[in-house]
Amino acid sequence: MAQVEIIGSPLSNYVWSVRIACAEKGVPHVSRPARPHTPEVDAIHPLGRIPVMRHGDVSLFESRAICAYLDRAFEGPMLVPGDAAQAAGVEQWVSFAITAADPAIVRAYVLAYLFPGTPDGAPDPKRVAAALPALEKLLGVLDAQIGKAGYLAGASFTLADIYLVPMLAVANRLPESKQMLAGSANLSGYLQRQLARDSVKSTAPPPPPPKG
Ligand SMILES: N[C@@H](CCC(=O)N[C@@H](CS)C(=O)NCC(=O)O)C(=O)O
């Protein structure tokens, strides 16, 4: 039986999400670390983005498509419920995570620290400051949503949480967002609970090396 291969740096939030999906489904997988735009990624994703997946004859790009495959091809708890209204609610928040949370949390803010693009490699304070209003607004929306039923899309862990948790986990390592999260009672409790979840813990990327 072919093994599922998840190709992409484990540090990417989207790679982490797909690996959590494997763990939730009980699908063993091998993680093949690879940066975007490297040959094994380019062979599958037309724009060289991670994650990509191989499983026997099946190769896929785009995390949502990979998660759909994992959910349908394997037994195990459904990542998206069967009920039409509940499924649409989960898809709504998956879409929100990809199109609103990821740009505000990861692209605009986290990457200003991780890939500052400055001559000395230090974060550009103006770029960080410019990201904060949207970040604060977004975390406020998420805090209110999670306050309703305990998870992003209802009262149980779903694909929507699989997308959100890696974004919050990486934000929780940086100063301004850590402070915002600490002040968001629903969101901070949620994050701590999800970080202790087996599927999240077992796929977590290694912590960044200490500075200095
Ligand atoms: N919509 C894609 C987004 C994937 C994505 O943006 N991955 C980032 C790493 S987290 C990447 O490969 N960036 C390189 C690039 O955009 O060129 C998915 O859900 O898989």
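Residues numbered from 1 in each chain as written. Predicted model: local features only at pLDDT ≥ 70, side-chain atom pairs only at ≥ 80, totals over all residues. Heavy atoms only, no water.

Trainee: Quick rundown of the overall build of the protein chain? Include the residues and the values.
Mentor: Regarding its fold elements, the protein chain presents nine helices and four strands. The order of helices and strands in the protein chain, counted from the N terminus, is β-α-β-α-β-β-α-α-α-α-α-α-α. A globule of 212 residues ought to have a C-alpha radius of gyration of about 17 Å, and the protein chain, at 17 Å, matches this closely. Principal axes of the C-alpha set define a box for the protein chain whose edges measure 50 × 40 × 30 Å. Of all 212 residues assigned to the protein chain, the portion counted as buried reaches 45%. Once local pairs closer than 6 in sequence are excluded, the contacts in the protein chain between residues at least 24 apart make up 63%. (Helix = DSSP H or I, 4+ residues; strand = E, 2+ residues; numbered from the N terminus. Rg over C-alpha atoms; globule rule 2.2 N^0.38 Å. Buried < 20%, exposed > 50% of the residue type's maximum accessible area, 1.4 Å probe, protein only. Contact = heavy atoms within 4.5 Å.)

Trainee: Residues and numbers for the packing of helix H5 (residues 125-149) against helix H7 (residues 175-182), please.
Mentor: With their axes 10 Å apart at the nearest point, H5 and H7 run at an angle of 20° to one another. Overall, the two elements H5 and H7 adopt an arrangement that is roughly parallel. Once H5 is placed against H7, the crossing between them reads as right-handed. Judged by residue contacts, Val 128, Leu 132, Leu 135, Glu 136 and Leu 139 of H5 engage Glu 176, Ser 177, Met 180 and Leu 181 from H7. Looking at side-chain class alone, the contact of H5 with H7 contains six nonpolar, one polar and two charged residues. (Axes fitted to C-alpha atoms, helices over the stretch in contact; angles between N-to-C directions. Parallel < 35°, antiparallel > 145°, perpendicular 65-115°, else oblique. Left-handed = near helix turned anticlockwise from the far one by under 90°. Nonpolar A, V, L, I, M, F, W, Y, C, P; charged D, E, K, R; others polar.)

Trainee: If you had to explain helix H8 (residues 185-195) to someone new, which residues and values would you point to?
Mentor: Within H8, burial applies to Leu 187, Tyr 190, Leu 191 and Gln 194. Down the axis of H8, the smallest arc covering the buried residues is 100°, so these residues share one side. (Arc of directions from axis to C-beta.)

Trainee: I'd like a description of the side chain of His 29, backed by residues and values.
Mentor: Counting through the fold element by element, His 29 comes out in strand E2 (residues 29-32). Among the polar contacts made by the side chain of His 29, one reaches the side chain of Arg 19 at a distance of 2.9 Å. The contact partners of His 29, leaving out residues within four places of it in the chain, are Gln 3, Val 4, Ile 6, Arg 19, Cys 22 and Thr 203. (Polar contact = N/O pair within 3.5 Å; in protein donor to acceptor, adjacent residues only side chain to side chain.)

Trainee: Any details on the sheet that holds strand E4 (residues 58-61)? Residues and values, ideally.
Mentor: An order of E2-E1-E3-E4 is seen for the four strands of this open sheet, with the pairing classed as mixed. Edge strands, defined here as strands with exactly one partner in the open sheet, are E2 and E4. Here the strands of the sheet are splayed against their neighbours by 20° on average, with no regard to which way each runs. With four bridges connecting them, strand E1 (residues 4-7) and E2 associate as parallel partners. In the strand pairing of E2, Glu 5 is matched with Val 30. In the packing of helix H1 (residues 13-25) onto the sheet, contacts are made with E1 and E2, and the angle to E1 comes to roughly 160°. The strands that helix H3 (residues 63-73) touches are E1, strand E3 (52-55) and E4; relative to E4, the one it contacts most, it runs at about 140°. (Pairing = 2+ DSSP bridges.)

The analysis is restricted to geometry; functional conclusions fall outside its scope.
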